[in-house]
Amino acid sequence: MIPILLADDDTELTELLTQYLSQEGFEVSTAHDGNSALAQARSGHFELVVLDVMMPGLNGFDVLRQLRVESQVPVLMLTARGDDVDSVVGLELGADDYLPKPCNPRVLVAHMRAILRRSENTSDNNTREAKPDLQLDDLQLQLGARRVLLNNTPLNMTSTEFTVLSILLEHAGEVVSKQELSQQALGRELSPYDRSLDMHVSNLRKKLGLSAQGEERITTVRGVGYQFMKGQS
Amino acid sequence: MRSLYWKIFISFWLSLLIFAGISFWFTSNYLESIRTETEQTSPRHNYRMYRLQAEKIALSQGINELRDWLKELDKREAVPYLLLDETGEDLLNRPVPLRLQQRVSRYAQRRGNDNEQNNADEQQTRHEHRDHDRRPHTIPIIVDNQRYWLLADYQSISLGRLLHRPRVIMIPILVAMLVSGIVCYLLARYLTWPITRLRRAAQQISNGNLNARVTPLLGKRRDELAELASDFDHMAERLQELLNSHKQLLSDASHELRSPLARLQVALGIAQQRNPEANKNELQRIELETERLNDLIGQLLSLSRLDNQQQLDTEPLDFDALVETIAEDARYEAQAQQRNVILVNNPPVKIDANAALLSSALENVVRNAIRYTPQGGAIEINSQLDTGTQQINLSICDQGPGIPEAMLEKIFDPFVRVGEARDRKSGGYGLGLAIAQRAVELHGGHISANNRTPQGLCIEIAIPGYLESK
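Anyway, here's the lowdown on the structure attached to this text. What you see is a predicted model, and the numbers here were worked out from it, not measured in a lab.

**What to know about the nonpolar core**
Residue and element names in this part refer to chain B.
Item 1. The biggest cluster of nonpolar side chains holds 51 residues, and the ones touching the most others in it are Phe 319, Leu 362, Ile 381, Ile 411 and Ile 459.
Item 2. Per element, the largest residue contribution to this core is eight residues, and it comes from helix α11 (residues 355–372).
Item 3. Those residues in contact with Phe 319 that lie beyond four places of it in its chain are Val 349, Lys 350, Ile 351, Leu 358, Leu 362, Ser 383, Ile 392 and Leu 394.

**Some thoughts on helix α8 (residues 196–208) of chain A**
Residues and elements named next belong to chain A.
Item 1. The first and last C-alpha atoms of α8 sit 18 Å apart over 13 residues, in line with the 18 Å expected at 1.5 Å per residue.
Item 2. By the burial criterion, the buried members of α8 are Ser 196, Leu 197, Asp 198, Met 199, His 200, Val 201, Ser 202, Asn 203, Leu 204 and Leu 208.
Item 3. One or two steps after α8, the chain reaches Gly 209, where phi turns positive at roughly 70 degrees.

**Remarks on the state of the cysteines**
All names here are of chain B.
Item 1. This model, assessed by the stated rule, comprises one disulfide over all chains.
Item 2. The disulfide that involves Cys 397 links it to Cys 458, with 2.0 Å between the sulfurs. Because the sign of the S-S torsion sets the handedness, a value of about 105 degrees for the bond joining Cys 397 and Cys 458 places this disulfide among the right-handed ones. A residue pair is termed long-range when its members are at least 10 positions apart, and Cys 397 in strand β8 (residues 391–397) and Cys 458 in strand β10 (residues 457–464) qualify at 61 residues. A single burial state applies to Cys 397 and to Cys 458, both of which are buried.

**Points about the interface of chain A and chain B**
Item 1. Listed per partner, the contact involves 30 residues of chain A and 38 residues of chain B.
Item 2. Overall, the association of chain A and chain B removes approximately 3,000 Å² of surface from exposure, summing both partners, and the carbon and sulfur fraction of that is 51%.
Item 3. On the chain A side of the contact with chain B, Arg 81, Tyr 193 and Arg 222 of chain A bury the most area, a combined 25% of that side's loss.
Item 4. Summed over the shared surface of chain A and chain B, the result is two salt bridges.
Item 5. Here Arg 263 of chain B and Asp 10 of chain A are joined by a salt bridge, their closest N and O atoms 3.0 Å apart.
Item 6. Put simply, chain A and chain B have seven residue pairs in polar contact (both at pLDDT 80 or more) between them.
Item 7. Secondary-structure elements contributing two or more residues to the side of chain A that touches chain B are α1 (11–23), α5 (105–128) and α8 of chain A.
Item 8. Of the residues forming the side of chain A that touches chain B, the biggest block, seven residues, is contributed by α1 of chain A.

**A closer look at the sheet that holds strand β4 (residues 75–80) of chain A**
Residues and elements named next belong to chain A.
Item 1. An order of β2-β1-β3-β4-β5 is seen for the five strands of this open sheet, with the pairing classed as parallel. The outermost strands of the open sheet, each flanked by one partner alone, are β2 (26–31) and β5 (97–101). For this sheet, the mean angle separating the axes of adjacent strands, direction not counted, is 20 degrees.
Item 2. The pairing of strand β1 (residues 2–7) with strand β3 (residues 48–52) spans four bridges and is parallel. Opposite Ala 7, over in β3, you have Leu 51 as the bridge partner.
Item 3. The strands that α1 touches are β1, β2 and β5; relative to β2, the one it contacts most, it runs at about 165 degrees.
Item 4. The sheet strands contacting helix α2 (residues 34–42) are β1, β2 and β3, and the helix crosses β2 at an angle near 140 degrees.

**Here's the deal with the environment of Arg 331 of chain B**
Residue and element names in this part refer to chain B.
Item 1. Locating Arg 331 in the fold gives a position in helix α10 (residues 319–335).
Item 2. Classification of Arg 331 as partly exposed rests on a relative accessible area of 24%.
Item 3. Distance in space between the C-alpha atoms of Arg 331 and Arg 367 is 9.8 Å, their sequence separation being 36 residues.
Item 4. Beyond its immediate stretch of four places on either side in the chain, Arg 331 contacts Asn 340, Val 341 and Leu 343.

**What to know about the packing of α2 of chain A against helix α3 (residues 60–70) of chain A**
Residues and elements named next belong to chain A.
Item 1. In the contact formed by α2 and α3, the axes pass within 10 Å of each other and the chain directions differ by 20 degrees. The angle between α2 and α3 falls in the class roughly parallel. Considering only the axes of α2 and α3, their crossing is right-handed. Here Gly 34, Leu 38, Ala 41 and Arg 42 of α2 lie close against α3, whose contacting residues are Val 63, Gln 66, Leu 67 and Glu 70.
Item 2. Of the residues contributing to the contact of α2 with α3, the split by class is four nonpolar, two polar and two charged.

Rules used in this analysis
- Residues numbered from 1 in each chain as written.
- Chains lettered and ligands numbered in written order.
- Predicted model: local features only at pLDDT ≥ 70, side-chain atom pairs only at ≥ 80, totals over all residues.
- Heavy atoms only, no water.
- Core = buried A, V, L, I, M, F, W, Y, C linked by side-chain atoms within 4.5 Å.
- Buried < 20%, exposed > 50% of the residue type's maximum accessible area, 1.4 Å probe, protein only.
- Helix = DSSP H or I, 4+ residues; strand = E, 2+ residues; numbered from the N terminus.
- Contact = heavy atoms within 4.5 Å.
- Expected span 1.5 Å × (residues − 1).
- Disulfide = S-S within 2.5 Å.
- Buried area = accessible area lost by both parts, 1.4 Å probe.
- Salt bridge = Lys/Arg side-chain N within 4 Å of Asp/Glu carboxyl O.
- Polar contact = N/O pair within 3.5 Å; in protein donor to acceptor, adjacent residues only side chain to side chain.
- Pairing = 2+ DSSP bridges.
- Axes fitted to C-alpha atoms, helices over the stretch in contact; angles between N-to-C directions.
- Parallel < 35°, antiparallel > 145°, perpendicular 65-115°, else oblique.
- Left-handed = near helix turned anticlockwise from the far one by under 90°.
- Nonpolar A, V, L, I, M, F, W, Y, C, P; charged D, E, K, R; others polar.

Here it is as structure tokens:
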């Protein structure tokens, strides 16, 4: 059983979801307001936090912002359906993925599993510390510590952004297809009209800024995917 | 005097009174001045002048010229100047009052006697000379050996005669034009000015600007038009309230529908989990319909959010990349339904936009086009930058049946159905185009629909864009 925290103010819904998720192999704890959600999430007991944006007290964004100060526990945001801004904000604050609510519980489980698979991979990396650091021009990726240094200054990155960047950097100078990137970084198939990958890349571009040559570091190769540009070499 | 009724009434009444007053005053003054005694300088002077003229013509020219001159004079002068012969007949055959006939016959006799008796008498000549100065009308004018006397008939000046003389009638006409012109101009301006304002406000409201009001523009005016304006404002306010509450209701209802829907979906999931084979078809159908309901609620909420949104967070984007991505996704979806998506033209263009909003707007249009294209057909997407106007013209054309001309503007309204039969099957235009319209307008663009030949519908989007600066 995988311990997860489900934070949503709709008690009837959390009851139903608890029932559903326990059948799928999750051990669900629930929180019904922002403060208790934050307190429980900080405990370090959970492998995943499912966080609804609309909650009394602290809302989902506030919880996420405060949680990220000390914890890198994977977070799946449930955003209000019909609000595209929410999803962007959630990702910028460091959510690993988002789902508009209401949603099909099967889709929810698929997203949860994808996030868990990904964090398993990274924690494997953590324990083994097999991979060396990646270095390209003024950019350094410490895969073990999951830190990004630009000109020796650390950059603040979400877990997903870090994963996307590490994949692109590993294949620097090559085009990485969107399908592959989605599979590896988000842990799921690329589906039409899903813009979350584009959003992660767009956030990455903003954080990395332009290269020393004054060019975009990550370019879009139309119809195929993304490419991390190698400097002069 | 606040009521418009009284204003109109008084202005017409006053202008008529003033006109009548002034023209009476003028005419009576004029008549008065003419009719006063012959001693008065001006009429006497006039008479002398005319007599001199008549004598001159009589001397140098003939009777015909004299007649012409007299006709001319008659037209010009309010006072009838008669030229009478010895028998008392007028040269122009005008009616001659009896007293003038008598006067003429008197003059004729006296002159006749004088001439016979003392023609050469010096004293008489002097006397005659004096006569000519003091009583010139007694001296005949001689033409073709006929004697004529020029007499001014001061007593038969009538209003009728006056009004027939253009020089005389000019005065009242001018007065009428001036008085009524000023009054009518002011009145007309006063009446139409607020009406123009009202009309402008009505136009604004029909164009969707429900904030248009008239009363503040009318200042301190308090009459029927001001009341109308204030009624109009009340109406606009009520309209705005209704529309807002209508939007609010839609938004609130959608919000509230989400919670039960979320529970419904989970409950359905539990049912499927327990026994995946039981009622499989029915549960799948329930799942599909729940998904549709979910989409609809999502669209309703997007629309109400867009309606309330005033400004956007934008960033520079590659418009062509965005179009390409959407075209690819749409192609993926369309090919599953034996339809194709063709990207005809997509030059590199930049745009300042909100990526999420603009993509969802374009997606809505493209997916709509797929829905109305028959199997085996294709959707054509064509993007072009007009470098002159700095506008991207994007057209998305389907091969569907098109829509009636009258509906071309209405398909951007929420839930508009174009024709019964066709839309039951396809679900109508729903909210997709409404969302697209709001999103495009928030980006400072314009969206319109046109039928294409031989068939199909084109959605055309014009939106500000620019060439890459490099």
